[in-house]
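Residue-level structure breakdown
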Amino acid sequence: VRALGGLAFNRLRMVFVFVLLGAATLALGSWRTLDGADLLGLAASGLFGVLIGDSLLFRGLQVMGPRRNAVVYATAAPIAALLSWVVLDEGLGPMGLLGLLLCTAGVMIAVSRGRPGADADEMERLDGRLLWGIAFAFGAAFCQAVGTILAKPAMAAGVDPVAASFVRIAVACAGLLVPGLLPGVKGGLFAGATPRLLAHVAFNAMLGMGIGSTLVMVALADGNPAIVATLSSMTPVMILPILWAHTGRRPPLGGWIGAAVAVAGIALIFNR
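Residues numbered from 1 in each chain as written. Predicted model: local features only at pLDDT ≥ 70, side-chain atom pairs only at ≥ 80, totals over all residues. Heavy atoms only, no water.

1. Some thoughts on a nonpolar patch on the surface
Our working rule: Residues enter patches when their relative accessible area tops 30% and they take part in no salt bridge; the joining distance is 9 Å for like charges and 5 Å for the nonpolar side chains Val, Leu, Ile, Met, Phe, Trp and Tyr. All accessible-area figures derive from a Shrake-Rupley calculation using a 1.4 Å probe, and residue coverage is judged against the displayed protein chains alone. Salt-bridge detection follows one rule: a side-chain nitrogen of Lys or Arg within 4 Å of a carboxyl oxygen of Asp or Glu. Note on conventions: DSSP H or I runs of at least 4 residues are helices, E runs of at least 2 residues are strands, and numbering of each starts at the N terminus. Categorising residues by exposure relies on relative accessible area from a 1.4 Å probe, with only protein chains included: less than 20% of the type maximum marks a residue as buried, more than 50% marks it as exposed, and the intermediate range marks it as partly exposed.
A contiguous nonpolar patch, built from L20, F203, M206, L207, I211, L215 and V218 and spanning about 630 Å² of accessible area, is present on the exposed surface. Among the elements that line the nonpolar patch, the one with the most residues is helix α7 (residues 195-222), at six residues. Overall, V218 belongs to the partly exposed group, its relative accessible area being 42%.

In structure tokens, the structure reads:
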């Protein structure tokens, strides 16, 4: 992200995943499950949850690094719970709400206490004002929650998850690609991208959006949007052992305590 810039990274990633999901949708014939109302809702979901939300998320990542970005972005779960209750009248009940709050708190603890001296690392250095980074990440969390709520009716109606993901990605891809190709815009789609960077972006697109976004749509078909958003926010906890393997530094006790709190929250949600 820092090599290409948040917007350029997201634009290039969307092109990769657009081709991937487009081919899958055509091959599977899943586009037949879409109708006009579904298209409208999924397009709006793609606009808020993917185009605006991801652009803000990666801008926050560029400014303040992955750790602080993830702490703020974890607020997507309680925001989705509030919107689900207000808009869809889908509440979690006392135990479910407690579980959601524990998950969110656990993620924040795991990330904020998960890397000693992380501010000294290149990945965690500030590249701008911290306040702007926080604003970007919180805006991304809000947009992600809105996108989840907007996609729920279409998924409950039986739209194929691959087709649903393709519609959302297509809207985001168009919104990101067209401005970058306008006359007078410097660079271009692949500006500053080396073969190694392209490989990284392609893999990120396939795993994070191609597979990840589709699985979120699968979960939304029968699941409460608040629960889906909560489980999706567990990424920072799952990152702990990956960072350990990548950096060779074991996360401190606070990171594992946060992970345990988050898992306890999940247990409450599924046993409420």
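2. Considerations on the side chain of S45
So the rule is basically this: Throughout this description, a polar contact denotes any pair of N or O atoms lying within 3.5 Å of each other; where both atoms belong to protein, one of them has to be capable of donating a hydrogen while the other can accept it, and for residues adjacent in sequence the pair is counted only when both atoms sit in side chains.
Tracing the backbone shows S45 in helix α2 (residues 36-73). Residue S45 is classed as buried on the basis of its relative accessible area, which comes to 0%. In terms of polar contacts, S45 uses its side chain to reach the backbone carbonyl oxygen of G147, at 2.7 Å. A polar contact of 2.8 Å, which involves the side chain of S45, links it to the side chain of R168.

3. A few points about the environment of G255
Inspection of the secondary structure puts G255 in helix α10 (residues 253-270). The exposure class assigned to G255 is buried, which follows from its relative accessible area of 0%. Placed 148 residues apart in sequence, G255 and V107 show a C-alpha to C-alpha distance of 8.8 Å.

4. Thoughts on the nonpolar core
A general trend in soluble globular proteins is that nonpolar side chains are found buried together. Threshold: Grouping buried Ala, Val, Leu, Ile, Met, Phe, Trp, Tyr and Cys residues that are joined through side-chain atoms within 4.5 Å yields what is termed a nonpolar core. Note on contacts: a residue pair is in contact if any heavy atoms of the two residues lie within 4.5 Å.
Core analysis: the largest hydrophobic core is formed by 13 residues, its most contacted members being M14, V17, L21, V50, I169, A172 and M209. Counting only elements with at least two residues in this core, the list comes to α1 (6-28), α2, α6 (161-181) and α7. A per-element tally of this core places α6 first, with five residues. Setting aside chain neighbours within four positions, we find A172 in contact with M14, G46, V50 and L51. Residues A74, V107, V111 and A259 belong to the second largest nonpolar core, which totals eleven residues.

5. Comments concerning the side chain of T104
Summarising the element assignment, T104 is placed in helix α4 (residues 93-112). Apart from the residues within four sequence positions on either side, T104 is in contact with A74, A77 and P78.

6. Details of the pattern of salt bridges
Evaluated as defined, the whole model comprises one salt bridge. Of the charged contacts in the structure, one is a salt bridge between D54 and R13, with a shortest N-O distance of 2.5 Å. Of this pair, D54 sits in helix α2 while R13 sits in helix α1; the two residues are 41 residues apart in sequence, bridging distant segments of the chain. Overall, D54 belongs to the buried group, its relative accessible area being 8%.

7. Some thoughts on the state of the cysteines
Basically, it comes down to this: By convention in this document, the label disulfide applies to cysteine sulfur atom pairs within 2.5 Å.
This structure, assessed with the given rule, holds zero disulfides. The closest cysteine sulfur to the non-disulfide-bonded C143 is located on C173, 18 Å from its own sulfur. You can call C173 buried: its relative accessible area is 6%.

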